[in-house]
Amino acid sequence: MSGVTVVIPNWNRRGPLERLIGQLHAQTRPPEEILVVDNGSSDGSAEAARSRGARVIGLDRNAGFAVAVNRGIEETRTELVAVINNDVEPAPDWLERLGEALEQPQVWFASGRLRSAARPEELDGTYDTLCRGACPWRAGHGAKDGPPWGRRRRIRFAPFTAALFRTELFHRVGALDERFQSYLEDVEFCLRCAKLGYAGLYVADALATHAGSATLGRWHKDAVRLIARNQVLLMAKHYPARCLLRYGWPILVAQGLWGLLAVAHGRGLPFLRGKLEGLLLARGVRREAARGGGFEPGLSRILEESESEIFRLQRRQGFDLYWRLYFALTSLV
């Protein structure tokens, strides 16, 4: 396996960070370097990471996940780079399993099986998928772990929660889009990869546990605002006009249902604020994408194949309410 740098974005999570660094040192194939990019923590995270042998890049504020990851990748000098959240606990052979997958030709990234820290019998997720309506789904989230999730497969979307990449991929495709700050920045990056033909592998035996939404919380008002905004930016950057017209109804359904979920969790105002922020930014993002040739062909095929996979997986594990309603309302479109 080629040399690996592990990049850990961190903000005020000293305890989980210390535990993760220890687990990375104990890997069967330890990384060449552990690089913590600290977003201006005030809890002693940076000092604790240094004392445990990590190199620390300190930022003066919480600039977001995308900025932290980009800074870490800029400092990477190894052929492979892993990105992992501080609330993930990898199995001892996690890095070795993912590294073996990248020894195969035309495999540019790999992600493994994430189990829920709170409910170990359930999956936190595996790899990401994306529907026509610009709403992603972490495949297997909430499903009972078992044989259906034990098979390797080619994937288009690797969650930056815990994944391994060829460092060269970022030189070819570009860095994470820092306008996204946090949330969907990994989906946007992988959509660029998919449009250019770079694919990855889901490695079922690369195991880890994930606490999930440990920094802000799943329905924190800032998380809802950023997700709602970034859904708009994703479409502005990647959906040509013909796709916006063709998928108008699925977009309305996907975004509307997600908005209803936000309202049900008392986050209607952050949802609306995020959509407004996204619309205000969309014109500039769209102009930039058009100038840079961002509307590459193949988007429709990627979205429709990914949505078909969502349907198959949901049918196998049992439809949750969101996807049951989405497919009921869009099945004739």
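Provided above is the structure to which this section pertains.
What counts and what doesn't
Residues numbered from 1 in each chain as written. Predicted model: local features only at pLDDT ≥ 70, side-chain atom pairs only at ≥ 80, totals over all residues. Heavy atoms only, no water. Pairing = 2+ DSSP bridges. Helix = DSSP H or I, 4+ residues; strand = E, 2+ residues; numbered from the N terminus. Expected span 1.5 Å × (residues − 1). Buried < 20%, exposed > 50% of the residue type's maximum accessible area, 1.4 Å probe, protein only. 1 Å grid on protein atoms, 1.4 Å probe; cavity = no way out; pocket = protein on both sides within 12 Å on 5 of 7 lines; lining within 4 Å. Points joined across faces, edges and corners; volume = space filled by probe spheres on them. Nonpolar A, V, L, I, M, F, W, Y, C, P; charged D, E, K, R; others polar. Phe/Tyr/Trp six-rings, centres within 6.5 Å; stacked < 30°, edge-to-face > 60°. Lys NZ or Arg CZ within 6 Å of the ring centre and 35° of its normal. Arc of directions from axis to C-beta. Core = buried A, V, L, I, M, F, W, Y, C linked by side-chain atoms within 4.5 Å. Contact = heavy atoms within 4.5 Å. Polar contact = N/O pair within 3.5 Å; in protein donor to acceptor, adjacent residues only side chain to side chain. Axes fitted to C-alpha atoms, helices over the stretch in contact; angles between N-to-C directions. Parallel < 35°, antiparallel > 145°, perpendicular 65-115°, else oblique. Left-handed = near helix turned anticlockwise from the far one by under 90°.

Re the pairing of strand β3 (residues 55-59)
Working step 1: As defined by bridge partners, strand β2 (residues 33-39) adjoins β3 across 5 bridges and the pair is classed as parallel. Each bridged residue has a counterpart across the sheet, and for L35 the counterpart in β3 is R55.

Concerning helix α7 (residues 221-238)
Working step 1: The end-to-end C-alpha distance of α7 is 26 Å, a good match for the 26 Å that 18 residues give at a rise of 1.5 Å each.
Working step 2: Along α7, 16 of the 18 residues are buried, which leaves the element largely enclosed by surrounding structure.

Topic: the layout of surface pockets
A water-sized probe rolled over the atoms picks out the places where empty space is left.
Working step 1: Approximately 230 Å³ is the volume attributed to the second largest pocket.
Working step 2: Taken together, V232, M235, A236, L244, I251, Q255, K275, L279, A282, R283 and R286 make up the full set of residues lining the second largest pocket.
Working step 3: Secondary-structure elements contributing two or more residues to the lining of the second largest pocket are α7, α9 (248-264) and α10 (268-291).
Working step 4: When residues of the lining of the second largest pocket are assigned to their parent elements, the largest contribution, 5 residues, is made by α10.
Working step 5: Split into classes, the residues belonging to the lining of the second largest pocket amount to 7 nonpolar, 1 polar and 3 charged.

Things to note about unusual backbone geometry
Working step 1: Of note in the backbone geometry, N12 takes a positive phi value of approximately 55° without being a glycine.
Working step 2: Within the secondary structure layout, N12 lies in the loop between β1 (4-10) and α1 (14-25).
Working step 3: A positive phi angle, close to 70°, is found at A134, a residue other than glycine.
Working step 4: Mapped onto the elements, A134 comes out in the loop between β8 (128-130) and β9 (136-138).
Working step 5: By relative accessible area, which is 0% here, A134 ends up buried.

Re the packing of aromatic side chains
Working step 1: The final tally for this structure, using the stated rule, is 18 aromatic pairs.
Working step 2: Between the aromatic rings of Y127 and Y202, the centroid separation amounts to 5.5 Å while the plane-to-plane angle is 50°, which identifies the pairing as tilted. One end of the pair, Y127, is in the loop between β7 (123-125) and β8; the other, Y202, is in strand β12 (residues 200-210), with 75 residues separating them in the sequence. Taken individually, Y127 and Y202 each receive the classification buried, so the pair is uniform in this respect.
Working step 3: For the pair F160 and F165, a centre-to-centre distance of 4.6 Å together with 45° between the ring planes defines the contact as tilted. Taken as a pair, F160 and F165 share a single burial class, namely buried.
Working step 4: When the ring centre of W108 is taken as origin, the NZ or CZ atom of R166, which lies over that ring, is 5.7 Å away.
Working step 5: We note R316 situated over the ring of W149; from NZ or CZ to the ring centre the distance is 5.0 Å.

Re helix α12 (residues 321-330)
Working step 1: If you check which residues of α12 are buried, you get Y322, W323, Y326, F327 and T330. Down the axis of α12, the sector holding all buried residues measures 115°, keeping them to one side. Structural note: α12 exposes L321 and A328 on the side pointing more than 90 degrees away from its buried face.

Details of the nonpolar core
Working step 1: If you look at the biggest cluster of nonpolar residues, it comprises 77 residues, and the most contacted ones within it are F160, F165, L169, F189, Y239 and W258.
Working step 2: At 8 residues, the largest contribution of residues to this core is made by α7.
Working step 3: Sequence-distant contacts of W258, that is, excluding residues within four places in its chain, are made with C135, W219, V224, I227, A228, Q231, F271 and Y322.
Working step 4: By size, the runner-up hydrophobic cluster in this structure holds 31 residues, among which are V4, I8, L95 and L201.

Observations regarding the environment of A282
Working step 1: Among the secondary structure elements, A282 is positioned in helix α10.
Working step 2: Residues A282 and R229, spaced 53 residues apart in sequence, show a C-alpha to C-alpha distance of 9.5 Å.

A closer look at the side chain of T126
Working step 1: Within the secondary structure layout, T126 lies in the loop between β7 and β8.
Working step 2: Among the polar contacts listed, one links the side chain of T126 to the backbone oxygen of A139, at a separation of 2.7 Å.
Working step 3: If near-sequence neighbours (up to four positions away) are discounted, T126 is found in contact with S111, G112, R138, A139, G140, W149, P159 and Y202.

A short note on the packing of helix α11 (residues 299-317) against α12
Working step 1: Across the interface, α11 lies against α12 with an axial gap of 11 Å and an inter-helix angle of 125°. By the angle between their axes, α11 is oblique relative to α12. Helix-helix and strand crossings are classified by hand; for α11 and α12 the assignment is left-handed. The segment α11 lies against α12, with E307, I310, F311 and Q314 engaging W323, Y326 and F327.
Working step 2: For the contact of α11 with α12, the residue count by class is 5 nonpolar, 1 polar and 1 charged.

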